[in-house]
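Residues per chain are reported as follows:
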Amino acid sequence: AFVADHGQDIARGGRYDRIGKEFGSARPATGFSTDLRTLMALGNLAVQDTQDNILAPWKDDASLQDKVRELRLSGDSVVYELPGQSGAASEMGCNRKLVLKETEWVIEKF
């Protein structure tokens, strides 16, 4: 896998047919490897470039998922806040958040 303006791969992998044959269970598999430091460095650059993401809560809610899908299709960037996650929304490049107002998910600015 490659990204623009980065002179080397950020992930590599492939198909591994008959893996496990030596252990009596030959089966197909796929896999990849990546360097987390590289991904984090690239991710931090992306966050610095934009502060216009929308933070969405992590909930099992069909209407929320529909709203996120709608926003992404219209070109917005939506970031889910995962359970137990710490850190400010601004660290994820978010300046807005999705909140439930009565029965509708709406965007609020920070």
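Residues numbered from 1 in each chain as written. Predicted model: local features only at pLDDT ≥ 70, side-chain atom pairs only at ≥ 80, totals over all residues. Heavy atoms only, no water.

### Some points on the overall build of the chain
Consideration 1: Along its length, the chain carries 2 helices and 6 strands.
Consideration 2: Counting from the amino terminus, helix and strand elements in the chain follow one another as β-β-α-β-α-β-β-β.
Consideration 3: For 110 residues, the compact-globule formula gives about 13 Å, and the C-alpha radius of gyration of the chain, at 19 Å, lies well above that figure.
Consideration 4: When the backbone C-alpha atoms are referred to their principal axes, the chain occupies close to 60 × 35 × 30 Å.
Consideration 5: By element, 52% of the accessible surface of the chain is carried by carbon and sulfur atoms, the whole surface being about 8300 Å².
Consideration 6: Distance between charge centres in the chain, computed from 14 positive and 17 negative side chains, equals 7 Å. (Helix = DSSP H or I, 4+ residues; strand = E, 2+ residues; numbered from the N terminus. Rg over C-alpha atoms; globule rule 2.2 N^0.38 Å. Areas by Shrake-Rupley, 256 points an atom, 1.4 Å probe, with all protein chains shown as cover. Lys, Arg positive; Asp, Glu negative; His and termini not counted. Charge placed at Lys NZ, Arg CZ, Asp CG, Glu CD.)

### A short note on the nonpolar core
Looking at soluble globular proteins, one finds that nonpolar side chains tend to be buried together.
Consideration 1: The biggest cluster of nonpolar side chains holds 8 residues, and these are Ile 54, Ala 56, Leu 64, Val 68, Leu 71, Val 78, Leu 98 and Trp 105.
Consideration 2: When contributions to this core are tallied by element, the ones reaching two or more residues are β3 (53-57) and α2 (62-73).
Consideration 3: With 3 residues, the single largest contributor to this core is α2. (Core = buried A, V, L, I, M, F, W, Y, C linked by side-chain atoms within 4.5 Å. Buried < 20%, exposed > 50% of the residue type's maximum accessible area, 1.4 Å probe, protein only.)

### Considerations on the side chain of Lys 67
Consideration 1: Mapping Lys 67 onto the fold places it in helix α2.
Consideration 2: Residue classification places Lys 67 among the buried residues on the basis of a relative accessible area of 19%.
Consideration 3: In this structure, Lys 67 is in contact with Leu 98 and Trp 105, ignoring residues within four places of it in sequence. (Contact = heavy atoms within 4.5 Å.)

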